[in-house]
Amino acid sequence: MALLKEGCLDLEELKELPGVPSGHRLAAGPVAVIECAQEIPCNPCEALCPHGAITVGQPITRLPVLDEDKCIGCGLCIAGCPGQAIFVVDETHAEGRATVQLPYEFLPLPEKGEVVNGLNRAGEEVCEAVVLRIQNPRKYDRTPVITVEVPTDCAMEVRSLSLRRD
Amino acid sequence: MRHTEVAVVGGGPAGLSAAIEAASAGARVTLVDEHQRPGGQLFKQIHKFFGSKEHRAGVRGIDIGTQLLQQVEASGVQVMLDSVVWGIFDERVLGVIHEGRNLLLKAEKVILATGATENALAFPGWTLSGVMGAGAIQTLVNVQRVLPGKRILMVGSGNVGLIVSYQLLQAGAEVVGIVEAAPNVGGYGVHASKVRRQGVPIWTSTTVKEALGAEKVERAVLVTLDDKWQPIAGTEREIKVDVICLSCGLSPLAELARIAGCEFQYLPALGGHVPLHDHDMQTSVKGLYLAGDVAGIEEASTAMEEGRLAGVAVAESLGYLSAAEARGKKEAINRRLDELREGPFGCARREAKEQLCGSMAGWRY
Amino acid sequence: MRVKEHPILGELEKGTLVEIRVDGETIEAVEGEPISAALIAAGKTVFRYTQKLRQARGVYCAIGRCTDCMMVVDGVPNVRTCVTPVKAGMNIETQYGLGAPRRSGDETH
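This structure is a prediction, so every number in the text was calculated from the model and none was measured. (Residues numbered from 1 in each chain as written. Chains lettered and ligands numbered in written order. Predicted model: local features only at pLDDT ≥ 70, side-chain atom pairs only at ≥ 80, totals over all residues.)

Peer 1: Tell me about the overall build of chain C, residues and numbers included.
Peer 2: Looking only at helices and strands, chain C has one helix and eight strands in total. Listed N to C, the secondary structure of chain C is β-β-α-β-β-β-β-β-β in terms of helices and strands. For 109 residues, the compact-globule formula gives about 13 Å, and the C-alpha radius of gyration of chain C, at 14 Å, lands near that figure. Across its three principal axes, chain C shows a C-alpha extent of roughly 45 × 25 × 20 Å. Across the 109 residues of chain C, 36% fall into the buried class. Contacts in chain C between residues far apart in sequence, at least 24 positions, make up 39% of those at least 6 positions apart. (Helix = DSSP H or I, 4+ residues; strand = E, 2+ residues; numbered from the N terminus. Rg over C-alpha atoms; globule rule 2.2 N^0.38 Å. Buried ≥ 20, exposed ≤ 12 C-beta atoms within 10 Å, placed from the backbone. Contact = placed C-beta atoms within 7 Å.)

Structure (structure tokens):
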């Protein structure tokens, strides 16, 4: 399993997860992508979703299941996941362009409009990304959520960013 | 000689929780901690905890620490800081160095919550300045706000190694890589993923062979291991680093339990030699209880629950809680503990704990 | 190096700055912080030399258990600098061997 050997999921493993939406749903609009692959006692995501789209149930080691129809991609689940394993992807953002909302707990934070590097799960630069929005309200408890715009074919790759400043 | 009803040794999450529980039931509690501020390792855990709402999931360790300190203050616990418990004698008499002077403290019940000690990994050059434990890095960076170096090699990919690597990135250091002697990453996939996506490599089946430098670390020599954990000749390579962080596991800090004459059992799943304890967290020595990592290496969440369990048990045994009251509280605590010990990461610990308690079945004091 | 800004811990609170002497040099430290933190912030990496082999030691456990960080503080040897708070005017010296500050003729290599 790539997660155990490499420390990050590969796309094959990802598609098996109950928290990852189908290609069909991804193509339809903003949706959460819960990259949670191991049975660990943990369930804050379930209560964070105001639309009941995330189910963990009992025992709390169960992997979170995403209800694709209930999820509207609001992103309220992102900051509260202790594993920082939740993202929101919108493949319909613009022609050939998608957005990814991701948690980012580093300084300096980028600024709106800044061009940054989109990093994949292995930390490799895969594309240029434009910062559209930074959300850092008190209720996120110091886990800012950054929205970046990327080429659509990178939407399921980009999971972090690095700045281009010196 | 001073007297107290319940002496809690160690003011980390287990000790604080035990003190709060016992004091809330009405017992006179003295909490003794060797540091200038209680909290144990909690104030170094700047990440959000797992679990469920009852376990305070999603709350950062540092904030849980602050909440516990407030509760301790409110519950009337007598707190002795800068106080080292150096010995434990018959009839639960503790030798304490308090403000530079020795005193004896006699307690009706003693709860040892002394936590864990880090395992060392010795290799040529390991005594160079710049080789330090993961706990040291957390203390320096998260509490004292100093960085010991800029290019760090992390040895060990268990949760501590992965989390501390992430914390080093947050403090502005570069983690050049994480070496893991086993063929697989040891800690949670999500902790590994957090550092991998920032570009930190994890090299499995790899270890550090040597640290090089005149008086401080300048380079590390890495080597690949075969499936029998032996170094493969010719695979050595050097990397430039100025800090080598050792994160090779923890062991219960149980010297006081040894001195007190507790029976031990060797359980690798709990970190090695662990003092026996029953379902009330009482050891083989009457009146001596345990809670937290000293009772087996787990995590802060289980430490808090075990602390509560020990606190309830001593309060009951002193008559501050009826059997029915205590039973209800213990059931709730055990349910939360069982939840934390589920799943592939927790089940080995649960089984080991069952063995520990099983060894005390039918124990006669 | 001091971590002045931190994404979780916030801005470093300014403590009371005091002066201490380290091997004859005056450095700035925060009153009450562990001596070892002040030294690391000032870039010092070697705290003492061992008795037999004169090997350099720095900080290892940072929690008062291992004794790697011991130095001579205000003339008193074997002080664990990682758990001893800074006071204004403190005099800190690299420790050579079991309890002495440097004497002329001490070789380090």
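Peer 1: Talk me through helix α1 (residues 13–24) of chain B; I want residue IDs and the actual numbers.
Peer 2: Residue and element names in this part refer to chain B. Over its twelve residues, α1 extends 16 Å from the first C-alpha to the last, a length consistent with the 16 Å expected when each residue adds 1.5 Å. Buried residues dominate α1, accounting for twelve of its twelve residues. For α1, the full list of buried residues reads Pro-13, Ala-14, Gly-15, Leu-16, Ser-17, Ala-18, Ala-19, Ile-20, Glu-21, Ala-22, Ala-23 and Ser-24. (Expected span 1.5 Å × (residues − 1).)

Peer 1: Explain helix α2 (residues 61–74) of chain B residue by residue, including any values.
Peer 2: Residue and element names in this part refer to chain B. End to end, α2 covers 20 Å across 14 residues, agreeing with the expected 20 Å (1.5 Å per residue, within 8%). Of all the positions in α2, only Gly-61, Ile-64, Gly-65, Leu-68 and Val-72 are classed as buried. The buried side chains of α2 occupy one side of the element, clustering within an arc of 105° when seen end-on. Facing away from the buried side of α2, by more than 90 degrees, are the exposed residues Gln-70, Glu-73 and Ala-74. Those residues of α2 that are buried lie in contact with α1, β2 (29–32), β3 (78–80) and α7 (300–317). A positive phi of about 80° marks Gly-76, the residue just after α2. (Arc of directions from axis to C-beta.)

Peer 1: Give a detailed account of the pairing of strand β10 (residues 174–180) of chain B, specifying residues and quantitative values.
Peer 2: All names here are of chain B. Burial analysis of β10 places five of its seven residues in the buried class, which makes it a mostly covered element. With five bridges connecting them, strand β9 (residues 151–155) and β10 associate as parallel partners. By the bridge assignment, Met-154 is partnered in β10 with Ile-178. One crossover worth recording links β9 to the parallel β10 by way of helix α4 (residues 159–170), and it is right-handed. Pairing of β10 with strand β11 (residues 202–204) involves three bridges; the strand directions are parallel. Residue pairing for β11: Ile-178 is matched across the bridge by Ile-202. In terms of handedness, the path from β10 via helix α5 (residues 189–196) over to β11 forms a crossover that is right-handed. (Pairing = 2+ DSSP bridges. Right-handed = clockwise from strand over helix to strand, strands pointing away.)

Peer 1: Before we move on, can you summarise the packing of α4(B) against α5(B) with the specific residues and values?
Peer 2: All names here are of chain B. The N-to-C vectors of α4 and α5 enclose an angle of 30°; their axes lie 9 Å apart at closest approach. Put simply, α4 runs roughly parallel to α5. With respect to the hand of their crossing, α4 and α5 are arranged in left-handed fashion. Of α5, the residues touching α4 (which contributes Asn-159, Leu-162, Ile-163, Ser-165, Tyr-166 and Leu-169) are His-191, Ala-192, Lys-194 and Val-195. (Axes fitted to C-alpha atoms, helices over the stretch in contact; angles between N-to-C directions. Parallel < 35°, antiparallel > 145°, perpendicular 65-115°, else oblique. Left-handed = near helix turned anticlockwise from the far one by under 90°.)

Peer 1: Talk me through the interface of chain B and chain A; I want residue IDs and the actual numbers.
Peer 2: Each partner contributes residues to the interface: chain B has 34 residues there, and chain A has 33 residues. At the level of elements, α4, α5, β11, α8 (323–340) and α9 (343–359) of chain B are the ones that each hand at least two residues to the side of chain B that touches chain A. If one sorts the elements of the side of chain B that touches chain A by residue count, α5(B) sits on top with six residues. Considered class by class, the residues forming the side of chain B that touches chain A number 13 nonpolar, 13 polar and eight charged. (Nonpolar A, V, L, I, M, F, W, Y, C, P; charged D, E, K, R; others polar.)

Peer 1: So, the packing of α1(B) against α7(B): which residues are in play, and what are the values?
Peer 2: Residue and element names in this part refer to chain B. Where α1 contacts α7, the axes come no closer than 7 Å and their chain directions differ by 30°. When you trace α1 past α7, the crossing you get is right-handed. Here Pro-13, Ala-14, Gly-15, Leu-16, Ser-17, Ala-18, Ala-19, Ile-20, Glu-21 and Ala-22 of α1 come into contact with α7, specifically with Ala-300, Ala-303, Met-304, Glu-306, Gly-307, Arg-308, Ala-310, Gly-311, Val-312, Val-314 and Ala-315. Class assignment for the residues of the contact of α1 with α7 results in 14 nonpolar, four polar and three charged.

Peer 1: Quick one: what's the story with the nonpolar core, residue by residue and with numbers?
Peer 2: Residues and elements named next belong to chain B. Residues Ala-19, Ile-111, Ile-244, Cys-245 and Ala-291 are the most contacted members of the largest nonpolar core, which totals 189 residues. Per element, the largest residue contribution to this core is nine residues, and it comes from α7. The residue makeup of this core includes at least three contributed by each of domain 1 (2–117 + 250–359) and domain 2 (120–246). In this structure Ile-111 touches Val-6, Val-8, Ala-18, Tyr-289, Ala-291, Ala-310 and Val-314, once residues within four positions along its chain are discounted. (Core = buried A, V, L, I, M, F, W, Y, C linked by C-beta atoms within 7 Å. Domains from an automatic or database assignment.)

Peer 1: Please provide a residue-by-residue account of the sheet that holds strand β7 (residues 125–135) of chain A, values included.
Peer 2: Residue and element names in this part refer to chain A. Across the sheet, which stays open at both edges, the seven strands sit in the order β1-β4-β5-β8-β7-β6-β9 with antiparallel pairing between neighbours. The sheet terminates laterally at β1 (31–34) and β9 (160–162), the two strands that pair on one side only. Strand-to-strand twist across the sheet, computed as the mean angle between neighbouring axes with direction ignored, equals 40°.

Peer 1: Can you break down the environment of A:Gly7 residue by residue, with the values?
Peer 2: Positionally, A:Gly7 belongs in the loop between α1 (2–6) and α2 (11–16). Each C-alpha atom of the pair A:Gly7 and A:Ala122 lies 8.3 Å from the other, and the pair is 115 residues apart in sequence. Setting aside its immediate chain neighbours within four residues, A:Gly7 contacts B:Val185, B:Ala192, B:Ser193, B:Arg196 and B:Ile202.

Shape is all these values report; function is a separate question.
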